[in-house]
Amino acid sequence: MEFLKFDVQKCILCGKCVDKCPFGALKIEKSGITVGDTCRMCGLCVRHCPEKAICFEQQANTVNKEEWRDFLIFVEQELGEIHPVAYELIGEARKMARKVGYGVHCVIVGADGTEKNAKKLLEYGVNRVFVYQHEKFAGFRADCYADAVADCIAAVKPSSVLIGATALGRSLAPRLSTRFHTGLTADCTTLDIKPNSDMVQIRPAFGGNIMAQIAIAKSRPQFATVRYRVMDQALRVENPAGELVRCQVTEEMASSRIRILSSQVIERQKSLEEEDMIVVAGRGVRSEKDVQMCRELADALGGQLAFTRPMVENGFGDTAHQIGLSGRTVRPKLIITCGVSGAIQFTSCMNGSECIVAINNDPEAQIFQTAHYCIVDDLYQVVPRLTALINSGKEGTGHAVSL
């Protein structure tokens, strides 16, 4: 392993590091201690060496960036289908790749049906899709999935690795970045790339008060996770010329230390990120009765009711329906905010919506700087009338409701 260093002057070949390694990566040979590919850089050998002869080391400015090229996208599968965030990552990678002359590759890990899904990715203009298909990859196991993707990264040597900021992606990405002793930027909202291949990763920081620009200048690969529905999906290409690469899966790679005792498939419901119509209840909505008023508007639109963080903290909603840095990022066709002040922690996670309508009785509310249509009025007067107007339109009565 490139970053695990042994001081031959200090090492007495006591073998304690070999005994402590849970992955069997260390061996005593004639040349000294050798490190195999199964090393996960967990650090146990470093901590238990009595002579302090082992250390992690990565010298600055030693990475040859020319050796690390192209983009690699981890493609997540959910209930046998490709998670849509993968197409967004492909679209963003292709935009950046054109600026520096890079290719765009994908890696997909799973059981039966994985290769069939991999072929779908070729339609979106990727150069190569690396397929790790094995029956033991049925169901996500962090250790063996990380082994498979790390194997691909080591072979391809991509400059940047993009992963969806899903529950699975947030478990996988830090494991990979730790193995390669490099940086990871989580929950990016914007990506760009410099001529020298440094990826500019932009995300809210300090509670959303600033938009930080983060770059990993001295190591490769660069890891970033990106939330679903933040970026535009890739478009299909007319004449795809990509290549499908079937990768060897060893028994060691497919073996997991995790044992699934039982599992149950939860009936899938439409997530907030997939919703086209959303009504948001903010702090200006003061009681459960008032929340129901907003819910009726969402039902009339055929959409879902969402909440700001203060509303969730006060027990009016759950995190699955919370919009914001600590909740979800959405891009619906229509979003109506009711009594929402418009802090950046909230607006940065919904400002990509096609149409934003804001209702607030404060003409100076921040939300009006983001909204396309601003209604400065009492939401208790506006929301019921708007609901009635929508319902009357559904019934075809032709009755108009004045706001």
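Since the structure is predicted, the reported quantities are computational estimates derived from the model, not experimental observations.

(A) Region of the structure containing the nonpolar core. Core analysis: the biggest nonpolar cluster contains 35 residues, and Ile-73, Val-129, Leu-162 and Leu-191 have the highest contact counts within it. Where this core is concerned, the elements lending two or more residues are β5 (71-75), α3 (85-100), β8 (104-110), α4 (114-121), β9 (128-133), β12 (190-193) and β15 (222-226). A per-element tally of this core places α3 first, with 8 residues. Ignoring sequence-local partners within four residues, the contact set of Leu-162 consists of Leu-72, Ile-73, Phe-74, Leu-89, Ala-93, Met-96, Leu-191, Met-199 and Ala-224.

(B) Molecular detail of the sheet that holds strand β14 (residues 210-214). Taking strand neighbours across the sheet as the criterion, the 3 strands line up as β12-β13-β14 in an open arrangement whose pairing is antiparallel. Sheet topology places β12 and β14 at the edges, where each strand pairs with a single neighbour. Neighbour to neighbour, the strand axes of the sheet diverge by 25 degrees on average, direction disregarded. As judged from the 5 bridges shared by strand β13 (residues 199-205) and β14, these two strands associate in the antiparallel manner. Each bridged residue has a counterpart across the sheet, and for Ala-205 the counterpart in β14 is Ile-210. Those strands touched by α3 are β12 and β13, and its axis lies near 20 degrees from that of β12.

(C) Structural view of unusual backbone geometry. Here the bond from Arg-220 into Pro-221 is cis, since omega is 0 degrees, no more than 30 degrees from zero. Positionally, Pro-221 belongs in the loop between β14 and β15. Even without glycine at this site, Lys-52 takes up a positive phi of about 55 degrees. Position of Lys-52 among the secondary structure elements: in the loop between α2 (44-48) and β4 (54-56). Of the residues examined, Lys-52 reaches a relative accessible area of 57% and is grouped as exposed. With a phi angle near 75 degrees, Asp-70 is a residue other than glycine that sits in the positive phi range.

(D) Main features of the sheet that holds β9. Strands sit in the order β11-β15-β10-β5-β8-β9-β16 across an open sheet of 7 strands; the sheet is parallel. Looking at strand neighbours, the two that pair on one side only are β11 (184-188) and β16 (243-246), the edges of this open sheet. If you compare each strand with its neighbour and ignore which way they point, the axes differ by 20 degrees on average. Judged from the 5 bridges that link them, strand β10 (residues 160-164) and β15 form a sheet pairing that is parallel. When the bridges of β15 are listed, Leu-162 appears paired with Ala-224. Where helix α6 (residues 167-179) meets the sheet, its contacts fall on β5, β10, β11 and β15, and the angle it forms with β10 comes to roughly 155 degrees.

Quick notes on the rules
- Residues numbered from 1 in each chain as written.
- Predicted model: local features only at pLDDT ≥ 70, side-chain atom pairs only at ≥ 80, totals over all residues.
- Heavy atoms only, no water.
- Core = buried A, V, L, I, M, F, W, Y, C linked by side-chain atoms within 4.5 Å.
- Buried < 20%, exposed > 50% of the residue type's maximum accessible area, 1.4 Å probe, protein only.
- Helix = DSSP H or I, 4+ residues; strand = E, 2+ residues; numbered from the N terminus.
- Contact = heavy atoms within 4.5 Å.
- Pairing = 2+ DSSP bridges.
- Axes fitted to C-alpha atoms, helices over the stretch in contact; angles between N-to-C directions.

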